[in-house]
Amino acid sequence: MSPTSFPKSDIRVLLLEGISETAAGIFADAGYSDIRRFDKALPVPELHRELREAHIVGIRSRTRLDAAAMAEARKLFAIGAFCIGTNQIDLATAKHAGIPVFNAPYSNTRSVAELVIAESIMLMRGIVQKSAQCHRGGWSKSAAGSHEVRGKTLGIVGYGHIGTQVGVMAEAMGMHVIYHDIETKLALGNARHAGSLDALLAASDIVTLHVPETPATRLMIGEAQLARMKPGAHLLNASRGTVVDIDALADALARGHLAGAAVDVFPVEPEGNAEAFASPLCGMDNVILTPHIGGSTLEAQDNIGAEVAAKLVRYSDNGSTLSAVNFPEVTLPGHQGSHRFLHIHRNAPGVLMKINEVFSSTGINIDGQYLRTDPELGYVVIDAASDRDQAGRLRERLASIDGTLRTRVLY
Ligand SMILES: NC(=O)C1=CN([C@@H]2O[C@H](COP(=O)(O)OP(=O)(O)OC[C@H]3O[C@@H](n4cnc5c(N)ncnc54)[C@H](O)[C@@H]3O)[C@@H](O)[C@H]2O)C=CC1
Ligand SMILES: O=C(O)CCC(=O)C(=O)O
């Protein structure tokens, strides 16, 4: 266990939204004892109160870490998104406060892909309507409107980690896979690039969305795009609620233009399990509605807990920012025999020179120096042998350099 700037027992780790126990276990094994866990997202005033004392915070998709939340979090030095999406975090504000954000880019990929495959079959067979009828005492034994998925075309919008997994599994069931992405992507198996979003919509029996929330994906599926889909086709959205115009989707389903849909994410989602859910899709028997659980399997949550907690511990203990989503990435070796000085600063001419002057003026030899910058931010890590008091004084001088956002010493 490596010592940090201040004793690990003083580092408050705040874990919200029922983050898996594996995460708390990783922190505890690394020597962190002040771990506060909540099984749900906190109302804003309580969130702000908790953030004031937290050095590390872990959230899932419900907690909004916006500029107002970050302004309260004066002690915070790292954020973990225990999920894939990071749209709930103001990444730019975190970055300008010198706070790296880590996520789990693959740990729930498979869970989402499996759900999409299951729902594709359920929709193509009209299972949800039939099940609902049976629950109400009906008995509709008929093949009308029921189809195998074999030989049908699956259109994947966003051919990234989840999209490609879905494509591979769909091909194993004999589906034709086409995809649309803004980036050039390697087509796996026999998948084909659709040419354009419109071409994909016109050719697919099932369209499934796997894009992140960005300005470009906001309402990317609206009235015009739904009209381009084949009559009788199905739409799945397990990406983000902002990607689909939900009123336009409800209308396309009500008119019978689309045969069914499966929706896991919504423009407005309840804050917690106690709050009522409302959507224009409620009451439609041909729509599978799920409460944002695409990635919610025990396997995925355990993997995510371990992956993100390990990244946070590594950053806290060692300074490594490998795979941070908003920060220059630095991979670091151990620093036995040296103190490690972390310096995060606005990327402006002359800062590096001043950092080096602090060391050269004291005659302390630098054992190792690591630097990564992007146009806005510089992250310098310096290993140097000094005694504890000297290290404290050096840190004060480093902190006084113009443009400094944050400094830490790892002893
Ligand atoms: N429902 C749930 O519980 C879950 C939802 N998600 C959502 O799924 C999204 C996708 O996840 P991954 O596949 O892991 O992400 P990814 O980053 O691996 O793939 C996203 C793909 O979308 C593409 N893309 C971005 N903007 C686009 C645009 N305007 N048009 C077409 N393609 C575009 C990207 O180039 C990339 O290939 C996440 O961002 C998250 O919001 C992820 C996990 C669980
Ligand atoms: O599990 C969660 O809370 C959110 C899952 C999700 O949407 C993601 O990983 O982006």
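Residues numbered from 1 in each chain as written. Chains lettered and ligands numbered in written order. Predicted model: local features only at pLDDT ≥ 70, side-chain atom pairs only at ≥ 80, totals over all residues. Heavy atoms only, no water.

Asker: So what exactly am I meant to see when it comes to the environment of Lys152 here?
Answerer: Secondary-structure assignment places Lys152 in the loop between α6 (127-135) and β6 (153-157). The exposure class of Lys152 is partly exposed, given its relative accessible area of 21%. Sequence separation between Lys152 and Pro328 is 176 residues, and the spatial gap between their C-alpha atoms is 44 Å. Beyond its immediate sequence surroundings of up to four residues, Lys152 is in contact with Met124, His147, Met175, His176 and Asp205. (Helix = DSSP H or I, 4+ residues; strand = E, 2+ residues; numbered from the N terminus. Buried < 20%, exposed > 50% of the residue type's maximum accessible area, 1.4 Å probe, protein only. Contact = heavy atoms within 4.5 Å.)

Asker: What's the story with the site of ligand 2 in this structure? I'm lost.
Answerer: Taken together, Arg60, Ser61, Cys83, Ile84, Gly85, Asn108, Arg240, His292 and Gln301 make up the full set of residues adjacent to ligand 2. Asn108 places a polar side-chain atom, nitrogen or oxygen, 3.0 Å from an oxygen atom of ligand 2. (Near = heavy atom within 4 Å. Polar contact = N/O pair within 3.5 Å; in protein donor to acceptor, adjacent residues only side chain to side chain.)

Asker: I tried to follow the sheet that holds strand β8 (residues 192-193) on my own but got confused; where do I start?
Answerer: Sheets are built from strands paired through backbone hydrogen bonds, the pairs being either parallel or antiparallel. The 7 strands are arranged β8-β7-β6-β9-β10-β11-β12 in an open sheet whose pairing can be described as parallel. With one partner strand each, in any of the chains shown, β8 and β12 (287-289) form the two edges of the open sheet. Here 5 bridges tie β6 to strand β7 (residues 176-180), and the two strands are oriented parallel to one another. By the bridge assignment for β7, Val157 is matched with His180. Those strands touched by helix α7 (residues 161-172) are β6, β7 and β9 (206-209), and its axis lies near 170° from that of β6. Where helix α10 (residues 246-254) meets the sheet, it contacts β10 (233-237), β11 (258-263) and β12, and its direction lies at approximately 140° from that of β11. (Pairing = 2+ DSSP bridges. Axes fitted to C-alpha atoms, helices over the stretch in contact; angles between N-to-C directions.)

Asker: Would you take a moment to explain the domain arrangement of the chain for this structure?
Answerer: Often, the extent of an interface is quoted as the loss of accessible area upon association of its parts. You can read the domains of the chain as domain 1 (1-103 + 298-325), domain 2 (109-289) and domain 3 (328-410). Taken over both partners, the interface formed by domain 1 and domain 3 buries close to 1700 Å², and the fraction arising from carbon and sulfur atoms is 42%. Here domain 1 is connected to domain 3 by 2 salt bridges. If you look at where domain 1 meets domain 3, you find 14 residue pairs in polar contact (both at pLDDT 80 or more). Elements supplying a minimum of two residues to the side of domain 1 that touches domain 3: α4 (91-96) and α11 (298-318). Ranked by the residues each element gives to the side of domain 1 that touches domain 3, the list is headed by α11, at 5 residues. Taken together, the residues of the side of domain 1 that touches domain 3 break down into 8 nonpolar, 10 polar and 4 charged. (Domains from an automatic or database assignment. Buried area = accessible area lost by both parts, 1.4 Å probe. Salt bridge = Lys/Arg side-chain N within 4 Å of Asp/Glu carboxyl O. Nonpolar A, V, L, I, M, F, W, Y, C, P; charged D, E, K, R; others polar.)

Asker: How should the environment of Ile288 be read in this particular structure?
Answerer: Mapping Ile288 onto the fold places it in strand β12. For Ile288 and Val243, which are 45 residues apart along the polypeptide, the C-alpha to C-alpha distance reads 17 Å. With sequence-adjacent residues up to four places away left out, Ile288 is seen in contact with Glu119, Met122, Leu123, Val128, Ala261, Ala262 and Val263.

Asker: What am I meant to see in the pairing of β6 here?
Answerer: Remember that side chains alternate between the two faces of the sheet whenever the strand is regular. Burial of β6 is extensive: 5 of the 5 residues sit out of reach of the surface. On the question of chirality, the crossover connecting β6 to the parallel β7 by way of α7 is right-handed. When β6 meets β9, the two strands line up parallel, connected through 4 bridges. The residue bridging Leu154 from the neighbouring strand is Ile206, located in β9. (Right-handed = clockwise from strand over helix to strand, strands pointing away.)

Asker: When you look at the pattern of salt bridges in this model, what are you seeing that I'm missing?
Answerer: Across all of its chains, the model carries 15 salt bridges by this definition. Put simply, Arg36 and Glu50 hold a salt bridge, and the shortest N to O gap is 2.6 Å. Here Arg36, found in strand β2 (residues 35-37), pairs with Glu50, found in helix α2 (residues 44-53); they are 14 residues apart in sequence, far enough to count as distant. The partly exposed category is assigned to Arg36, whose relative accessible area is 31%. Its salt-bridge partner being Asp285, residue Arg136 comes within 2.4 Å of it at the nearest N-O pair. Of this pair, Arg136 sits in the loop between α6 and β6 while Asp285 sits in the loop between β11 and β12, placing them 149 residues apart in sequence. By relative accessible area, Asp285 is classed as partly exposed at 27%. Taken together, the shared-partner salt bridges in this structure form one network comprising Lys95, Asp374 and Glu376.

Asker: Quick question: what am I supposed to make of the packing of aromatic side chains here?
Answerer: A ring pair, where both rings are aromatic, is described by two values, the distance of the centres and the angle of the planes. On inspection of all chains with the given rule, the structure shows 7 aromatic pairs. Taking the centre distance of 5.9 Å and the plane angle of 85° together, the rings of Phe27 and Tyr32 count as edge-to-face. For the residue pair Phe27 and Tyr32, the accessibility class agrees, reading buried in each case. Arranged with centres 5.9 Å apart and planes meeting at 45°, the rings of Phe102 and Tyr315 form a pair that is tilted. Here Phe102, found in strand β5 (residues 101-102), pairs with Tyr315, found in helix α11; they are 213 residues apart in sequence, far enough to count as distant. (Phe/Tyr/Trp six-rings, centres within 6.5 Å; stacked < 30°, edge-to-face > 60°.)

Asker: Could you clarify how one ought to interpret the UniProt feature "domain: ACT" (unreviewed entry) in the chain in this entry?
Answerer: According to UniProt, the "domain: ACT" (unreviewed entry) feature falls on residues 340-411. A distance of 7 Å separates the end C-alpha atoms of residues 340-411, which is 33% helix and 42% strand. (UniProt positions renumbered as here; feature names shortened; annotations may be inferred.)

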